[in-house]
Amino acid sequence: MSNTPQHCPGFEANKDLKSFTCKCPECGEEMEIFSDEFDKPRTCKKCNKPVDFTQCKADF
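Residues numbered from 1 in each chain as written. Predicted model: local features only at pLDDT ≥ 70, side-chain atom pairs only at ≥ 80, totals over all residues. Heavy atoms only, no water.

## A short note on the overall build of the protein
Turning to step 1, where the next piece is worked out: Looking only at helices and strands, the protein features 1 helix and 4 strands.
Turning to step 2, where the next piece is worked out: In the protein, the order of α-helices and β-strands from amino to carboxyl end is α-β-β-β-β.
Turning to step 3, where the next piece is worked out: Relative to its 60 residues, the protein shows a buried fraction of 12%.
Turning to step 4, where the next piece is worked out: Here the analysis covers contacts within the protein between residues at least 6 apart in sequence; of these, 8% occur between residues at least 24 apart.
Turning to step 5, where the next piece is worked out: Only carbon and sulfur atoms are counted for the fraction: they give 51% of the accessible area of the protein, which is about 5400 Å². (Helix = DSSP H or I, 4+ residues; strand = E, 2+ residues; numbered from the N terminus. Buried < 20%, exposed > 50% of the residue type's maximum accessible area, 1.4 Å probe, protein only. Contact = heavy atoms within 4.5 Å. Areas by Shrake-Rupley, 256 points an atom, 1.4 Å probe, with all protein chains shown as cover.)

## Concerning unusual backbone geometry
Turning to step 1, where the next piece is worked out: If you check the backbone angles, N48 has positive phi at about 65° while not being a glycine.
Turning to step 2, where the next piece is worked out: Topologically, N48 is positioned in the loop between β3 (42-43) and β4 (50-51).

## Regarding the nonpolar core
Turning to step 1, where the next piece is worked out: Counting residues in each nonpolar core, the largest one holds 7 residues, listed as C22, C24, M31, I33, C44, V51 and F53.
Turning to step 2, where the next piece is worked out: Apart from the residues within four sequence positions on either side, C44 is in contact with C24, C27, E29, M31, K49 and V51. (Core = buried A, V, L, I, M, F, W, Y, C linked by side-chain atoms within 4.5 Å.)

## Regarding the pairing of strand β1 (residues 19-23)
Turning to step 1, where the next piece is worked out: Sheet topology note: the β1/strand β2 (residues 30-34) ladder contains 5 bridges and is antiparallel. Bridging across to β2, T21 finds its partner in E32.
Turning to step 2, where the next piece is worked out: Connecting the antiparallel pair β1 and β2 is a turn made up of 6 residues, with G28 showing a positive phi of about 85°. (Pairing = 2+ DSSP bridges.)

## Some remarks on the state of the cysteines
Turning to step 1, where the next piece is worked out: By the definition in use, this model includes 0 disulfides.
Turning to step 2, where the next piece is worked out: Not engaged in a disulfide, the cysteine C24 finds its nearest cysteine sulfur in C47; these two sulfurs lie 3.7 Å apart.
Turning to step 3, where the next piece is worked out: According to the relative accessible area criterion, C24 is buried, its value standing at 3%.
Turning to step 4, where the next piece is worked out: C44 takes part in no disulfide bond, and the closest cysteine sulfur to it belongs to C27, at a distance of 3.7 Å. (Disulfide = S-S within 2.5 Å.)

Right, dumping it as C-alpha coordinates:
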(Lines give C-alpha, C1' and ligand atoms only; values in the text may rest on other atoms or scores of the structure.)
Protein backbone atom coordinates (compact mmCIF):
# COMPACT_ATOMS: atom_id res chain seq x y z
CA MET A 1 0.00 0.00 0.00
CA SER A 2 1.22 3.49 -0.87
CA ASN A 3 1.25 6.48 1.47
CA THR A 4 0.90 8.89 -1.45
CA PRO A 5 -2.15 11.15 -0.96
CA GLN A 6 -4.79 10.94 -3.67
CA HIS A 7 -5.43 14.69 -3.65
CA CYS A 8 -3.58 17.96 -3.08
CA PRO A 9 -2.41 18.92 0.41
CA GLY A 10 -4.98 21.20 2.02
CA PHE A 11 -7.82 19.60 0.08
CA GLU A 12 -9.88 18.83 3.20
CA ALA A 13 -9.71 22.43 4.43
CA ASN A 14 -10.75 23.81 1.02
CA LYS A 15 -13.16 21.20 -0.33
CA ASP A 16 -16.24 23.31 0.47
CA LEU A 17 -14.98 26.45 -1.29
CA LYS A 18 -17.10 27.76 -4.14
CA SER A 19 -15.76 29.70 -7.11
CA PHE A 20 -17.59 32.73 -8.50
CA THR A 21 -17.01 34.92 -11.53
CA CYS A 22 -17.63 38.65 -11.28
CA LYS A 23 -17.16 41.50 -13.73
CA CYS A 24 -15.33 44.64 -12.69
CA PRO A 25 -17.94 47.44 -12.48
CA GLU A 26 -15.45 49.91 -14.00
CA CYS A 27 -14.03 48.10 -17.04
CA GLY A 28 -16.00 44.84 -17.29
CA GLU A 29 -12.96 42.56 -16.80
CA GLU A 30 -14.06 39.13 -15.61
CA MET A 31 -12.55 38.08 -12.29
CA GLU A 32 -12.71 34.85 -10.31
CA ILE A 33 -13.16 34.84 -6.54
CA PHE A 34 -13.49 32.01 -4.06
CA SER A 35 -16.08 31.95 -1.29
CA ASP A 36 -13.46 32.46 1.44
CA GLU A 37 -12.25 35.71 -0.20
CA PHE A 38 -15.44 37.82 -0.12
CA ASP A 39 -14.24 39.85 2.86
CA LYS A 40 -10.77 40.55 1.44
CA PRO A 41 -10.09 43.75 -0.51
CA ARG A 42 -9.41 43.08 -4.20
CA THR A 43 -8.50 45.23 -7.17
CA CYS A 44 -9.09 44.63 -10.85
CA LYS A 45 -5.95 43.41 -12.62
CA LYS A 46 -6.89 45.36 -15.74
CA CYS A 47 -7.86 48.83 -14.41
CA ASN A 48 -6.55 48.69 -10.80
CA LYS A 49 -9.89 49.87 -9.39
CA PRO A 50 -11.19 48.28 -6.17
CA VAL A 51 -13.87 45.64 -6.72
CA ASP A 52 -16.65 45.14 -4.17
CA PHE A 53 -17.65 41.51 -4.64
CA THR A 54 -20.78 41.98 -2.54
CA GLN A 55 -22.16 43.99 -5.48
CA CYS A 56 -21.60 41.19 -8.00
CA LYS A 57 -24.55 39.51 -9.64
CA ALA A 58 -24.63 35.84 -10.54
CA ASP A 59 -24.68 35.26 -14.29
CA PHE A 60 -26.24 31.92 -15.19
